Amino acid sequence: MGVLNINDLKTGMVLAQSAKNKHGVVILGKGNVLTEKHIHSFKAWGITGVNIKDIDGDQVIKQEMEALPNDIVESIEKELDKLFPPFEANPVMEEIYKIVKKVNLRQAANQTNGVTDEIKKD
Amino acid sequence: MKSKKIDRIINSIGELSTLPTIYMKLSHLLSVPNASIKMISNIISEDPAIAAMVLKIVNSAAYGFYNKIGDLQHAVVILGLNEIKNLVLATSIYKVVKEFKASSAFDMQEFWKHSIGCAILARVLAETAYLKNPENVFTGGLLHDIGKLIHAAYLREDFNRVLVNVVETGSQMSESEKNILGFDHAQTGSALAEKWNLPRETVNMIAHHHLSHMSDTLTREIAAVHIGNTLCVALRMGSGGEKRVPIVNQKAWEILDLKLSDLEYVVQKSTKLFKESVSIMEFE
């Protein structure tokens with residue numbers, strides 16, 4: 001199981017833990033299979049992430065890395081290593097690093113897709 | 001000794017030493033119990049640039065109104081008084097920044113983007129953590145690096161050395177400033193905010209946003225600006241001249257009482273708002 005961001009949820013995923021709102025009220029119980037409506041109501045309740053069965057939170061980012069050419073991923077990693085000073089045992093910094101990497105990977109993916117779309121148009 | 005030097009700088013600066021009158025008038029009016037919407041929109045309309053900006057923002061996609069709002073009074077009602085006050089402050093400072101003659105090594109446009117980015121991230125963090133006054137956190141974020149502006153304009157040569165030092169050593173700018181100038185932009189910025197008579201809370205957000213000293217007072221508002229700044233550098237929304245991401249103080253994260261999964265939501269929401277704000281401000 002692993003925590004997934006609300007925007008990475010897909011219908012058919014199974015909740016590994018009950019989804020609760022800020023006040024601890026259960027919005028959807030453990031074991032439920034997600035539907036479009038559920039995801040929508042999570043957003044309405046301000047839930048930002050839920051725990052999903054049989055999935056690793058890092059899996060999403062791994063998949064996105066595999067979809068990109070190696071040299072692009074490498075240059076992004078190199079740039080981020082320059083930008084981030086060493087941080088040890090700081091979970092917030094680890095999370096920020098992960099998010100920024102994801103943002104950069106997505107931007108790179110959009111750019112490469114954009115380029116291929118343009119080529120297609122020509 | 002150090003504080004005397006800062007006082008001297010603050011007292012010697014021209015354009016920046018007083019806040020634009022429109023902001024002062026508005027602050028005063030908002031503290032009066034019987035201020036009417038009409039009185040407030042009258043003050044705003046005294047400055048056509050600010051009035052235009054208010055209308056532009058209320059008609060932006062963020063508010064999503066189907067009909068165009070052309071009436072300032074209507075806009076004031078929709079945005080709310082606190083939002084209006086912050087908007088007027090942001091616009092007035094932007095006007096000052098635009099005409100500022102700073103060291104050419106310091107990119108004003110990037111600086112302003114960094115300020116807006118940090119302000120938005122800090123406000124979204126504050127909203128997500130259910131802080132009482134996210135608008136004040138926005139102001140704190142907007143002004144957190146204002147000290148750099150003073151350094152860039154009034155300590156040009158020394159500040160150029162600071163900028164070079166940051167690039168060469170990879171250290172945080174406040175460290176280089178302390179080594180070269182003897183004080184950092186958080187000290188100068190908060191001194192200026194004090195001179196402007198901004199609320200204590202805002203002065204503290206500017207003074208302590210690095211949270212580099214154990215003795216620094218930590219409030220949830222300061223924590224929001226502190227983390228907003230780190231996110232802003234990490235996401236490279238503009239640049240205040242830093243080359244490396246400042247490390248988040250763990251106590252600041254704890255006091256905000258958020259979940260790690262909230263961060264990605266904060267980033268997504270803020271990125272969207274940032275793009276909109278930058279397009280509204282129209283950098284040339």
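Keep in mind that this is a model prediction, so the values were computed, not measured.

Visitor: What exactly am I supposed to notice about helix α6 (residues 81-98) of chain B here?
Guide: Each full turn of the α-helix corresponds to 3.6 residues, which orients residues three or four apart in the same direction. A rise of 1.5 Å per residue sets the reference length of α6(B), with its 18 residues, at 26 Å; its end C-alpha atoms lie 26 Å apart and thus fit the reference within 8%. Within α6(B) the residues assigned to the buried category are B:Glu83, B:Ile84, B:Asn86, B:Leu87, B:Val88, B:Leu89, B:Ala90, B:Thr91, B:Ser92, B:Ile93, B:Tyr94 and B:Val97.

Visitor: Got a minute to help me understand the interface of chain B and chain A in this structure?
Guide: Reports of interface size often rely on the accessible area that becomes lost once the parts have come together. Taken together, the contact pairs 26 residues of chain B with 29 residues of chain A. Here chain B meets chain A over a buried area of about 2400 Å², counting both sides, of which 60% is carbon and sulfur. Together, B:Arg236, B:Arg244 and B:Glu264 form the three largest contributors to the area buried by chain B at its contact with chain A, with a combined 23%. Linking chain B to chain A there are two salt bridges. Across the salt bridge formed by B:Glu264 and A:Lys102, the nearest N and O atoms sit 2.7 Å from each other. On inspection of chain B and its partner chain A, the count reaches 10 residue pairs in polar contact (both at pLDDT 80 or more). Only α14 (220-234), α15 (250-256) and α16 (260-281) of chain B provide two or more residues apiece to the side of chain B that touches chain A. Top contributing element to the side of chain B that touches chain A by residue count: α16(B), with eight residues. Of the residues that constitute the side of chain B that touches chain A, the class distribution is 15 nonpolar, five polar and six charged.

Visitor: Is there a simple way to explain the pattern of salt bridges in this structure?
Guide: It is possible for side chains of opposite charge to pair when their charged atoms get near one another. Under the defined criterion, the tally for this structure stands at 15 salt bridges over all chains. A:Asp8 serves as the salt-bridge partner of A:Lys102, at 2.6 Å between the closest nitrogen and oxygen. Highlighted residues: A:Lys102 in helix α4 (residues 91-121) and A:Asp8 in the loop between β1 (2-5) and β2 (19-20), separated in sequence by 94 residues. There is no split in this pair, since A:Lys102 and A:Asp8 are both buried. The salt bridge partner of B:Lys148 is B:Asp145, with a shortest N-O separation of 3.0 Å. The pair formed by B:Lys148 and B:Asp145 is uniform in burial state, with each residue classed as buried. Among the charged side chains, a salt-bridge network with shared partners connects A:Asp8, A:Lys102, A:Arg106 and B:Glu264.

Visitor: Any chance you could explain the environment of A:His40 here in plain terms?
Guide: With respect to the element layout, A:His40 can be found in helix α1 (residues 36-44). Counting along the chain gives 42 residues from A:His40 to A:Lys82, while the straight-line C-alpha distance between them is 38 Å.

Visitor: Hey, could you run me through the nonpolar core in this one?
Guide: Note that soluble globular proteins tend to have their nonpolar side chains buried in a common cluster. Ranked by internal contacts, the top residues of the largest apolar core, which has 111 residues, are A:Phe84, A:Ile96, B:Ile44, B:Val54, B:Leu125 and B:Leu256. Broken down by element, the residue count for this core peaks at 12 residues, all from helix α7 (residues 108-128) of chain B. Counting 15 residues, the second-largest nonpolar core is a separate cluster that includes A:Leu9, A:Met13, A:Val50 and A:Ile55.

Visitor: Looking at this model, I keep getting lost on the packing of helix α13 (residues 200-207) of chain B against α14(B). Mind explaining?
Guide: For any two helices packed against each other, the geometry is given by the interaxial angle and the distance between the axes. Residue and element names in this part refer to chain B. Orientation of α13 relative to α14, taken along the N-to-C sense of each, is 40 degrees, at an axis distance of 9 Å. Considering their axes alone, α13 and α14 lie oblique with respect to each other. For the element pair α13 and α14, the recorded crossing hand is right-handed. Between α13 and α14, the contacting residues are Glu201, Asn204 and Met205 on the first element and Glu221, Ile222 and Val225 on the second.

Visitor: Looking at this structure, how should I read the packing of aromatic side chains?
Guide: For any pair of aromatic rings, the description rests on two quantities: the centre-to-centre distance and the angle between the ring planes. Residue and element names in this part refer to chain A. Applying the stated rule across the entire model yields five aromatic pairs over all chains. Ring plane angle 65 degrees and centroid distance 6.3 Å describe the contact between Phe84 and Phe87, whose orientation is recorded as edge-to-face. Under the relative-accessibility criterion, Phe84 is labelled buried at 5%. By way of ring pairs, the aromatic residues Phe84, Phe87 and Tyr97 are connected into one cluster.

Visitor: What should I look at first to understand the pairing of strand β4 (residues 49-52) of chain A in this one?
Guide: Along any regular strand, the residues point their side chains to alternate faces of the sheet. All names here are of chain A. Residue alternation in β4 divides its side chains into two sets, Gly49 and Asn51 and Val50 and Ile52, and both sets are buried. By the bridge criterion, four bridges tie β1 to β4 in an arrangement that is antiparallel. Of the residues in β4, the one forming a bridge with Leu4 is Val50.

Visitor: Help me out: how do you make sense of unusual backbone geometry in this one?
Guide: Most peptide bonds take the trans form, and the phi angle of most residues other than glycine is negative. A positive phi angle, near 55 degrees, is found at A:Asp54, a position not held by glycine. Residue placement: A:Asp54 occurs in the loop between β4 and α2 (59-67). In this structure A:Asp54 comes out as exposed when scored by relative accessible area, which is 69%. Notably, B:Asn197 is not glycine yet its phi reads approximately 60 degrees, a positive angle. Residue position: B:Asn197 is located in the loop between α12 (185-195) and α13.

Visitor: Help me understand the confidence of the model for chain B in this model?
Guide: One rule of thumb: low pLDDT means the predicted coordinates there are not for detailed reading. The share of residues in chain B with pLDDT of 70 or more is 93%, and the mean pLDDT across the chain is 87. Per-element confidence in chain B ranges from a low mean pLDDT of 78 for α6(B) to a high of 97 for α14(B).

Rules behind the numbers
Residues numbered from 1 in each chain as written. Chains lettered and ligands numbered in written order. Predicted model: local features only at pLDDT ≥ 70, side-chain atom pairs only at ≥ 80, totals over all residues. Heavy atoms only, no water. Helix = DSSP H or I, 4+ residues; strand = E, 2+ residues; numbered from the N terminus. Expected span 1.5 Å × (residues − 1). Buried < 20%, exposed > 50% of the residue type's maximum accessible area, 1.4 Å probe, protein only. Contact = heavy atoms within 4.5 Å. Buried area = accessible area lost by both parts, 1.4 Å probe. Salt bridge = Lys/Arg side-chain N within 4 Å of Asp/Glu carboxyl O. Polar contact = N/O pair within 3.5 Å; in protein donor to acceptor, adjacent residues only side chain to side chain. Nonpolar A, V, L, I, M, F, W, Y, C, P; charged D, E, K, R; others polar. Core = buried A, V, L, I, M, F, W, Y, C linked by side-chain atoms within 4.5 Å. Axes fitted to C-alpha atoms, helices over the stretch in contact; angles between N-to-C directions. Parallel < 35°, antiparallel > 145°, perpendicular 65-115°, else oblique. Left-handed = near helix turned anticlockwise from the far one by under 90°. Phe/Tyr/Trp six-rings, centres within 6.5 Å; stacked < 30°, edge-to-face > 60°. Pairing = 2+ DSSP bridges. pLDDT = per-residue confidence, 0-100.

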